Amino acid sequence: QVQLVESGGGSVQAGGSLTLSCAASGYSISSRCLGWFRQVPGKEREHVAVMNTNANAYSDSVQGRFTISRNSLSNTLYLQMNSLKPEDTAMYYCAGTGRYLYSCPVSRNDYTYWGQGTQVTVSS
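Worth saying up front: this structure is predicted, and the values here are computed from it rather than measured.

Rules used in this analysis
Residues numbered from 1 in each chain as written. Predicted model: local features only at pLDDT ≥ 70, side-chain atom pairs only at ≥ 80, totals over all residues. Heavy atoms only, no water. Helix = DSSP H or I, 4+ residues; strand = E, 2+ residues; numbered from the N terminus. Buried < 20%, exposed > 50% of the residue type's maximum accessible area, 1.4 Å probe, protein only. Contact = heavy atoms within 4.5 Å. Disulfide = S-S within 2.5 Å.

**Concerning the environment of C104**
Here is step 1 of the chain: Topologically, C104 is positioned in the loop between β9 (90-96) and β10 (113-114).
Here is step 2 of the chain: The buried category is assigned to C104, whose relative accessible area is 16%.
Here is step 3 of the chain: Along the chain, C104 and L34 lie 70 residues apart, while their C-alpha atoms are 7.9 Å from each other.
Here is step 4 of the chain: Aside from chain neighbours lying at most four places away, what touches C104 is C33, V50, M51, N52 and Y111.

**Considerations on the state of the cysteines**
Here is step 1 of the chain: Per the stated rule, a full pass over the model turns up two disulfides.
Here is step 2 of the chain: The disulfide bridge from C22 ends at C94, spanning 2.0 Å between sulfur atoms. Residues C22 and C94 share a disulfide whose torsion about the S-S bond is about 55°; that sign makes it right-handed. One end of the pair, C22, is in strand β3 (residues 18-25); the other, C94, is in strand β9, with 72 residues separating them in the sequence.
Here is step 3 of the chain: By relative accessible area, C22 is classed as buried at 2%.
Here is step 4 of the chain: The partner cysteine of C33 in its disulfide is C104, sulfur to sulfur 2.2 Å. When the S-S torsion is -95°, as for the bridge of C33 with C104, the disulfide is left-handed. Separated by 71 residues along the polypeptide, C33 in the loop between β3 and β4 (34-39) and C104 in the loop between β9 and β10 bring together distant segments of the chain.
Here is step 5 of the chain: Within the chain, bonded cysteines paired by disulfides and numbered along the sequence follow the pattern 1-3, 2-4.

Written out as structure tokens, the structure is:
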């Protein structure tokens, strides 16, 4: 019943911006931890940003460039990405935990629900 659907990916030149959306159904994003993860072929899926009602946290590689946010009324999670770099190229996934956590983890193993992914490609 829980479904997360990402959208907003695409191709952009370095220095450009994109905003990703994650529409949730059967799952309230107002509770639990939420996150964005990304993965490139041959590498492990890594965290980009996580949040709950207490705090937001970012990986060092995107700090200052990306912003994670949510709209509880529309049950949608967002990732605003600015100053994109070629190394940001990846499949981006949204995720949510199956339980409440005061401090959100960055390990993908702690997230129960996942979207199908949306591709972001940044050209130089």
